[in-house]
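Structural characterization, general
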Amino acid sequence: VQLQASGGGLVQAGVSLRLSCAASGRTFSNYAMGWFRQAPGKEREFVAGISRSGASTSYTDSAKGRFTISRDNGKNTVYLQMNSLKPEDTGVYYCAAGAGFSSWVSRRGDEYDYWGQGTLVTVSS
């Protein structure tokens, strides 16, 4: 699976941004999808994930209530709608695809098989 993330940018705190991740190469609906981010000087962390069908989602605590992950299996795309952005949301956002879990979502990066190149989100205060 090839993954292409897009939608990042430089924004002010409080605004919204939507990230997209377009997949190609394999059957998209066979993969759970996740969004991870890596802030400067920090380790990569899980942000949100969605199961193959979209029926199950998972969020890190800081994203709950502000971020929404969704997918369109007809368009082979997963989205991350980010509202009320904060400076601490700054980082490179990566999308990832995992084939090893069907109806649930993993928060562990090492359980995902394919990664996109990342898109930079910078939130200024």
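For the structure, check the block above.
What this report covers is the structure whose coordinates are included nearby. (Residues numbered from 1 in each chain as written. Predicted model: local features only at pLDDT ≥ 70, side-chain atom pairs only at ≥ 80, totals over all residues. Heavy atoms only, no water.)

Turning to the overall build of the protein, a few remarks are in order. For the protein, the count of helices and strands is 0 helices and 11 strands. Mapped from its N terminus to its C terminus, the protein presents α and β elements in the order β-β-β-β-β-β-β-β-β-β-β. A compact globule built from 125 residues should have a C-alpha radius of gyration of about 14 Å, and the protein, at 13 Å, falls within 12% of that. Each principal axis of the C-alpha atoms in the protein carries an extent, and together these give about 40 × 25 × 25 Å. Classification of the 125 residues of the protein by burial places 45% in the buried group. In the protein, once contacts between residues fewer than 6 apart in sequence are set aside, the share between residues at least 24 apart is 58%. Summing over all exposed atoms, the protein offers an accessible surface of approximately 6100 Å²; the carbon and sulfur share of this is 44%. The averaged location of the 9 negative side-chain charges in the protein is 5 Å from the averaged location of its 13 positive side-chain charges. (Helix = DSSP H or I, 4+ residues; strand = E, 2+ residues; numbered from the N terminus. Rg over C-alpha atoms; globule rule 2.2 N^0.38 Å. Buried < 20%, exposed > 50% of the residue type's maximum accessible area, 1.4 Å probe, protein only. Contact = heavy atoms within 4.5 Å. Areas by Shrake-Rupley, 256 points an atom, 1.4 Å probe, with all protein chains shown as cover. Lys, Arg positive; Asp, Glu negative; His and termini not counted. Charge placed at Lys NZ, Arg CZ, Asp CG, Glu CD.)

Let us look at the side chain of serine 58. Within the fold, serine 58 resides in strand 6 (residues 57-59). Of the polar contacts made by the side chain of serine 58, one reaches the side chain of arginine 107; its length is 3.0 Å. Here serine 58 is in contact with Phe46, Val47, Ala48, Gly49, Val105 and Arg107, once residues within four sequence places are set aside. (Polar contact = N/O pair within 3.5 Å; in protein donor to acceptor, adjacent residues only side chain to side chain.)

Any link to function would need more than the numbers given here.
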